[in-house]
Amino acid sequence: MSKILILPGDGIGTEIIDQAVKVINSLNSNHEMGMTLVNGLIGGIAYDETGSPLPEETIKIAKSCDSILLGAVGGPKWESLERDLRPERGLLGIRSELDLFSNLRPAILYPQLASASSLKTEIVSGLDLMIVRELVSGIYFGKPRGIEIRDGERFGINSATYYESEIARIGHSAFQIAQKRGKRVCSVDKANVLEVCELWREVMEEVSLSYPDVALSHMYVDNAAMQLVRDPKQFDVMVTSNLFGDVLSDCAAMLTGSIGMLPSASLDKNNFGMYEPIHGSAPDIAGKDIANPLATILSVSMMLRYSLNQVELADKINSAVSTVLDKGYRTKDISAVGDKVVGTEEMGDLIVMALESQ
Ligand code: IPM
Ligand code: MG
């Protein structure tokens, strides 16, 4: 029996989470999964209701749960708040509080969506890439940080910092994942300019000694961005720092046709995890029943695979998604001429139906 914390958050968060909850309920009824759901607050809505984007209560409940499923946070309504009160701080806060350092962002192209990619089909067909992003350190969290007055003018500071232990543990995550896949890790840095990346590269080399079956290569981040759009299939596992991983994973997402398709897992050292779509809260389309719920539904699949040890059920969700795409159903973001365009709710129902008729 697993207890799952549901954090819908802001914007399209609520409607996409609703579809994932339908999937969880279906697994409960048909596979006796006994997953109990508790709701919590994070992001802008948490600020509105409690004055904080990450109420202590949320962390407390999270620590009593087996897993977390998150929608998305943020929106224009909260952009002018003081920095520490903004919704994004809630997300960064929960990642950090729970030490969810290992962020897995798979970019997999569903063959049915090859034409939705902005790249030529032959470049992306069969794409199956895993970005392993360090999530609780680096420039996102480094100190000093802030905006101050220096020499009579405004001066902005952030610090890209890593302890060797922080680099080593994300390295181990990446190598262990590669062992179960194509046995290749490409570590992405900017070691030609930044000392912190020089250390990153050294530590990755050291970690690689424990994994003689996995080949390690290094790439500068500017080249990696270019290679991702030139020949993305050259990569198996890519491991990188917090900021580079943020940027490269959006780029990788678009290779697959839509950012609305990609789930993610953020894990601690015991594989306790928070699962979320990699896209944002898309306030411009919130409440219109057009958001793509598949990344969130696929996040449930990742949760079953990585934290709840239910690989078979995870596979069932993935094949339900495939079946629905095979039948030509698409949300607007992944649709082409001739597709059957459906809304968020209907897409959720179709996945549940496909799941239940397997
Ligand atoms: C992501 C998002 C977040 C990040 C934002 C919302 C703080 O872009 O998960 O990729 O930068 O990590
Ligand atoms: Mg991002």
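Values in this document were obtained by computation on a predicted structure and should not be read as measured data. (Residues numbered from 1 in each chain as written. Chains lettered and ligands numbered in written order. Predicted model: local features only at pLDDT ≥ 70, side-chain atom pairs only at ≥ 80, totals over all residues. Heavy atoms only, no water.)

(A) Expanded view of the environment of G44. Mapped onto the elements, G44 comes out in helix α2 (residues 44–50). Spatially, the C-alpha atoms of G44 and G90 are 8.5 Å apart, while their sequence positions differ by 46 residues. What G44 contacts, discounting residues up to four positions off in sequence, is D10, W78 and P87. (Helix = DSSP H or I, 4+ residues; strand = E, 2+ residues; numbered from the N terminus. Contact = heavy atoms within 4.5 Å.)

(B) Main features of the site of ligand 1. Surrounding ligand 1, one finds E88, L91, R95, R105, R133, Y140 and D246. With respect to ligand 1, the side chain of R105 contributes an N or O atom lying 2.8 Å from an oxygen atom. One of the side-chain N or O atoms of D246 is found 2.9 Å from an oxygen atom in ligand 1. The site holding ligand 1 turns out to be the second largest pocket. Broken down by element, the residue count for the shell around ligand 1 peaks at three residues, all from helix α4 (residues 87–97). Partitioned by chemical class, the residues of the shell around ligand 1 number two nonpolar, no polar and five charged. (Near = heavy atom within 4 Å. Polar contact = N/O pair within 3.5 Å; in protein donor to acceptor, adjacent residues only side chain to side chain. 1 Å grid on protein atoms, 1.4 Å probe; cavity = no way out; pocket = protein on both sides within 12 Å on 5 of 7 lines; lining within 4 Å. Sits in = over half its atoms within 2 Å of the grid points. Nonpolar A, V, L, I, M, F, W, Y, C, P; charged D, E, K, R; others polar.)

(C) Up close: empty space enclosed by the protein. All told, the structure shown has one cavity of 30 Å³ or more when counted by the stated rule. The volume enclosed by the largest cavity comes to roughly 40 Å³. Lining the largest cavity are R105, P106, A107, I131, S249, A252, A253, L262 and I278. The set of elements that each furnish at least two residues to the lining of the largest cavity consists of β4 (102–108) and α9 (242–255). Among the residues forming the lining of the largest cavity, the class breakdown is seven nonpolar, one polar and one charged. (Points joined across faces, edges and corners; volume = space filled by probe spheres on them.)

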